Amino acid sequence: MKTFTINQLIRIIVILLLLLWGFFLIKPFIAVLSWAIILAVALFPLYTKVGGIFGKRHQKRVQSLFSILLVALLIIPTYSSVSSLFGSVSKTLNAIQNNELKITPPTDQVKEWPIMGERIYSDWKALSENSKQYAIDHKDFLMEKGGVLARNFTGILGTVLTFLFSLIIATLFMSNAKGAYTSACDFSRKLAGAKKGPELLLVARDTIRNVVKGVLFVALIQAFLCYLGFQFMGIPGATIFAFLAMLAAIIQVPVTLVVLPTVFLAFSISDSTLAATIFSIYIILISLLDNVLKPILLAKGLQTPMVLIMLGALGGVLLHGIIGLFIGTVLLSVLHQ
C-alpha cells in the first residue's frame, strides 16, 4: 500500500492553499468572466457573419466594429432611459413642490377594484386634489420607498456596467474562438473522456444559445410590444411597466401579473370603453406570448426534456440571480446527458 511522506503532504497542503488564494483573487471577476463566456457563446454566430462580410484580413477591424456596435446597443438605450427617468422625476418633484402636479382624478370604477379598490381610490383622489399636501402627509412612506428605489436603481446601473465589461471581454474571446474551443475541448476530455467530453461541451453551447433565444429574446419582444400598447393607451409610467414586464419574463414570473394593473388603469383613465377593452385583450395576449414562443425556441435542437430546461432556468434564477438562467439550464442539460 502506497503511503504519503511528510514532503508530499506539505506539497498537497501548499498547492491547496495556493488554489484557495487564487480563487479569492479572481472571485471579484467571476461574474464578469461568466457573463463574457455566455455572451461570447451566444453572439459568436453573429460575429462570424459580420466577419464574413469583411474577410479574414480585417479581423481587428471586425473586432473593433463589433465591440462598438454591442456597446452602443447597451449604452444608448440605458442613457436614454436614465435621462428620461431623471427628467421625469425632476419635473414631478418641482410640480409637487409648487402644487402644480396635474393628475386625472379617479373614476368611481376604481372603488370596485378587488381588495385594494377603496384605498387606491382614496389615495389617488387626495393626490389629484392637492399633491403637495399628500406628499407632506405621506413623507415617511415616500422617503422609505424612494430610498428602496434609489438602491435598486444603483444596482441596475452596476449590472449595466458589468455587462459593458463583459461585452468587451466577450469580443476578445470571440476573436480567439479556435484557441478557446480547443482549450475547452481538452479540459472536457479530461473530465468526461475523449468522446463524451466534446459532446457535453456542444450540449452546453446549444443550451446557452437556446436560452438566449427562448428567454432573453422573447422577453425583449414582450417588453417592446407591451411598451407600444402602454404608449398608445397613454398609461402613466409606460417605460417602468415595460421594464417590469421584461424582468418578469426573464425570471420566469407570469407577465400577466405585471400587466394586470395597466388593464385597471386603462379603464380608469380612458373615456372609451371600447379602446380600453381592445387594449386589455391586446396586452393579455402579449403577456401570454412567452407560453407559445418559449417552448419552441428553448427545446429546438436539444435532447434535454423541456421540463428539465424550465426547472433549470427557474431554479438557477432563484439560486444565482439572472445568470442562473444559464448556469441552471446548462448544468441540468449536461447532467441529463
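Anything mentioned here points back to the structure above.
A few points on the structure. (Residues numbered from 1 in each chain as written. Predicted model: local features only at pLDDT ≥ 70, side-chain atom pairs only at ≥ 80, totals over all residues. Heavy atoms only, no water.)

### Structural notes on the pattern of salt bridges
Alright, step 1. What the rule picks out here adds up to three salt bridges.
Alright, step 2. When the shortest N-O distance is used, the salt bridge between Asp186 and Arg189 registers 3.2 Å. Of this pair, Asp186 and Arg189 both sit in helix H7 (residues 177-192), separated by three residues, roughly a single helical turn.
Alright, step 3. In this structure Arg189 comes out as partly exposed when scored by relative accessible area, which is 37%.
Alright, step 4. Its salt-bridge partner being Lys196, residue Glu199 comes within 3.9 Å of it at the nearest N-O pair. Here Lys196 and Glu199 lie together in helix H8 (residues 196-233), a separation of three residues that amounts to about one turn. (Salt bridge = Lys/Arg side-chain N within 4 Å of Asp/Glu carboxyl O. Helix = DSSP H or I, 4+ residues; strand = E, 2+ residues; numbered from the N terminus. Buried < 20%, exposed > 50% of the residue type's maximum accessible area, 1.4 Å probe, protein only.)

### Section: the packing of H7 against H8
Alright, step 1. It is at 7 Å that the axes of H7 and H8 come closest, and there the two elements cross at 120°. Judged by the angle between their axes, H7 and H8 are oblique. Of the two possible hands of crossing, H7 and H8 adopt the one that is right-handed. The segment H7 lies against H8, with Tyr181, Ala184, Cys185, Ser188, Arg189 and Ala192 engaging Lys196, Gly197, Pro198, Leu200, Leu201 and Leu202.
Alright, step 2. A class-by-class count of the residues in the contact of H7 with H8 yields eight nonpolar, two polar and two charged. (Axes fitted to C-alpha atoms, helices over the stretch in contact; angles between N-to-C directions. Parallel < 35°, antiparallel > 145°, perpendicular 65-115°, else oblique. Left-handed = near helix turned anticlockwise from the far one by under 90°. Contact = heavy atoms within 4.5 Å. Nonpolar A, V, L, I, M, F, W, Y, C, P; charged D, E, K, R; others polar.)

### Side note on H8
Within an α-helix, residues lying three or four positions from one another point in the same direction, as the helix has 3.6 residues per turn.
Alright, step 1. With 38 residues, H8 ought to run about 56 Å at 1.5 Å a step, and its terminal C-alpha atoms sit 54 Å apart, in line with that.
Alright, step 2. At Val212, H8 is bent by approximately 30°, the largest bend along its length.
Alright, step 3. Backbone geometry just after H8 places Gly234 at a positive phi near 75°. (Expected span 1.5 Å × (residues − 1). Bend = angle between axes of the 7 residues up to and from the residue.)

### Overview of the packing of H8 against helix H9 (residues 238-250)
Alright, step 1. The geometry of H8 relative to H9 is characterised by a closest axis approach of 8 Å and an angle of 155° between their N-to-C directions. By the criterion of interaxial angle, the relationship of H8 to H9 is roughly antiparallel. Between H8 and H9 lies a crossing of right-handed hand. Contact residues: H8 offers Val215, Leu216, Ala219, Leu220, Gln222, Ala223, Cys226, Tyr227, Phe230 and Gln231, while H9 offers Ala238, Thr239, Phe241, Ala242, Ala245, Met246, Ala249 and Ile250.

### With respect to the side chain of Ser287
Alright, step 1. Tracing the chain through its elements places Ser287 in helix H11 (residues 273-287).
Alright, step 2. When residues no more than four places from it in sequence are discounted, the contact partners of Ser287 are Gln222, Val255, Thr256 and Val259.

### Concerning the nonpolar core
Alright, step 1. Judged by nonpolar contacts, the single largest core of 41 residues is most densely connected at Cys226, Phe230, Ile235, Phe279, Ile283, Leu325 and Phe326.
Alright, step 2. Among the secondary structure elements, those contributing two or more residues to this core are helix H2 (30-54), H8, H9, helix H10 (255-269), H11, helix H13 (306-320) and helix H14 (324-336).
Alright, step 3. Excluding residues that lie within four positions of it along the chain, Ile283 makes contacts with Cys226, Phe230, Val259, Thr262 and Val263.
Alright, step 4. Listed in part, the 11 residues of the second largest apolar core include Ala36, Tyr47, Leu167 and Met174. (Core = buried A, V, L, I, M, F, W, Y, C linked by side-chain atoms within 4.5 Å.)

### So, H10
Alright, step 1. The end-to-end C-alpha separation of H10 is 22 Å, in line with the 21 Å expected for 15 residues at 1.5 Å each.
Alright, step 2. Within the span of H10, buried status applies to Val255, Thr256, Val258, Val259, Thr262, Val263, Leu265, Ala266 and Ser268.

### Overview of the packing of aromatic side chains
Alright, step 1. Applying the stated criterion across every chain yields a total of four aromatic pairs.
Alright, step 2. Ring geometry for Trp35 and Phe326: centres 5.6 Å apart, planes at 80°, overall edge-to-face. Of this pair, Trp35 sits in helix H2 while Phe326 sits in helix H14, placing them 291 residues apart in sequence. Assigned by exposure class, Trp35 and Phe326 land together as buried.
Alright, step 3. Look at Phe230 and Phe279: their rings are 6.2 Å apart centre to centre, the planes differ by 55°, and that puts the pair in the tilted class. Taken together, the residues span a long stretch of sequence, with Phe230 in helix H8 and Phe279 in helix H11 at a distance of 49 residues. Residues Phe230 and Phe279 agree in their burial class; the two are buried. (Phe/Tyr/Trp six-rings, centres within 6.5 Å; stacked < 30°, edge-to-face > 60°.)

Keep in mind these numbers describe shape, not what the thing actually does.
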